[in-house]
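Topology and contacts: notes
The chain contents come next:
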Amino acid sequence: MTATARIASDHPVATLINVFTVPAERQQELIDLLAHATETTMKHQPGFLCANFHASHDGERVINYAQWESEAHYRAMLANPEARVHMDQAATIATDVQPRLFHVASHHPRP
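Residues numbered from 1 in each chain as written. Predicted model: local features only at pLDDT ≥ 70, side-chain atom pairs only at ≥ 80, totals over all residues. Heavy atoms only, no water.

Secondary structure summary: the protein contains three helices and four strands in total. Secondary structure elements of the protein, listed N to C terminal, follow the sequence β-α-β-β-α-α-β. A globule of 111 residues ought to have a C-alpha radius of gyration of about 13 Å, and the protein, at 14 Å, matches this closely. By its C-alpha atoms, the protein is 40 × 35 × 20 Å across when sized along the principal axes. A total of 111 residues make up the protein; the buried ones form 36% of that total. Taking the contacts inside the protein whose residues are at least 6 apart along the sequence as the reference set, 75% of them involve residues at least 24 apart. A distance of 6 Å separates the average location of the 8 positive side-chain charges in the protein from that of its 12 negative side-chain charges. (Helix = DSSP H or I, 4+ residues; strand = E, 2+ residues; numbered from the N terminus. Rg over C-alpha atoms; globule rule 2.2 N^0.38 Å. Buried < 20%, exposed > 50% of the residue type's maximum accessible area, 1.4 Å probe, protein only. Contact = heavy atoms within 4.5 Å. Lys, Arg positive; Asp, Glu negative; His and termini not counted. Charge placed at Lys NZ, Arg CZ, Asp CG, Glu CD.)

Next comes the structure, spelled out in structure tokens:
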């Protein structure tokens, strides 16, 4: 079975929701850094499924919604020095970083 990214309560993946607080004038800089890190490093890590970056209209937040095949895959990425470099760079731009792992508890698609 090939794992694919999708939102569903019956799809057992580790979902990372990471909320970055950022000065409005640096929001795009952070998004560019995260996108570059994803293209060059993260998406080549075992278990990576997808990453999406959302920019708040007020410019003060960036949300990273990412999925990994399992929590173990996510934790292995955290231990990878190549990945850590990008995460440390993001932390120098953001004034606060709030990563949390979730599972989809309930899903309500349009009929």
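What follows covers the packing of helix H2 (residues 71–79) against helix H3 (residues 81–93). At a closest axis distance of 5 Å, the pairing of H2 and H3 adopts a crossing angle of 80°. Compared by their axis directions, H2 and H3 come out roughly perpendicular. The residues of H3 that touch H2, namely those facing Met77, Leu78 and Ala79, are Pro81, Ala83, Arg84 and Met87. Looking at the contact of H2 with H3, its residues break down into six nonpolar, no polar and one charged. (Axes fitted to C-alpha atoms, helices over the stretch in contact; angles between N-to-C directions. Parallel < 35°, antiparallel > 145°, perpendicular 65-115°, else oblique. Nonpolar A, V, L, I, M, F, W, Y, C, P; charged D, E, K, R; others polar.)

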